[in-house]
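# Close look at the chain arrangement
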Amino acid sequence: MPLEPVSALSIIASAISIAASIKQIMSDSRVDFTQALRIFGKKATPKQNALLQDAKFRDSISGLLVISPKLLKQLEEEAKACEDSYIKDRRKSKTNLDKEKAELRATQCICNTLRAIMRHNDGNLPSDEFAGYWKSYNCEL
């Protein structure tokens, strides 16, 4: 059973955001991924540090590093906008059909974000976790 769309969107947006920060640290400080993770961890929020404890999440971040920082920032903004839109649409839903439509739009956002990541990552998703989202939400090329 897939995660609730808002959870998947939040995790994807967080991974993209952290990857952009890690990539910037690696560039500025001329350090490797592990060192950049350590540096980032010192300034990370409690939520970010909790996510970083998961090896699958760290794999996702590592796999995103092939994408340019500007594009990572754009993808993060898009994923967050999808999450915000989904929450807003659910709040204003008056019927179950409205809720289903909101969920469908959120699912489309998840798939669009994953598709964009694939386009800029040689046709691959950065980790098994992201591949799991792809499968769970029945995304297609």
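Since we're looking at a predicted model, the values are computed, not measured.

## Side note on the nonpolar core
One recurring pattern in soluble globular proteins: nonpolar side chains tend to sit buried together. Counting 44 residues, the largest nonpolar core has Ile22, Phe57, Ile61, Leu64, Leu114, Phe130 and Tyr133 as the members making the most contacts within it. Contributions of two or more residues to this core are made by α1 (5-29), α2 (33-43), α3 (46-52), α4 (55-64), α5 (69-92), α6 (96-119) and α7 (128-136). It is α1 that contributes the most residues to this core, twelve residues altogether. Discounting residues that sit within four places of it in the chain, Leu114 has contacts with Ile12, Leu125, Phe130, Tyr133, Trp134 and Cys139.

## Observations regarding the environment of Leu125
With respect to the helices and strands, the residue Leu125 is situated in the loop between α6 and α7. For Leu125, a relative accessible area of 19% corresponds to the buried category. The sequence separation of Leu125 and Ser60 amounts to 65 residues, and the corresponding C-alpha distance is 8.4 Å. Excluding residues within four positions of it along the chain, Leu125 makes contact with Leu114, Met118, Phe130, Ala131 and Trp134.

What counts as what
Residues numbered from 1 in each chain as written. Predicted model: local features only at pLDDT ≥ 70, side-chain atom pairs only at ≥ 80, totals over all residues. Heavy atoms only, no water. Core = buried A, V, L, I, M, F, W, Y, C linked by side-chain atoms within 4.5 Å. Buried < 20%, exposed > 50% of the residue type's maximum accessible area, 1.4 Å probe, protein only. Helix = DSSP H or I, 4+ residues; strand = E, 2+ residues; numbered from the N terminus. Contact = heavy atoms within 4.5 Å.

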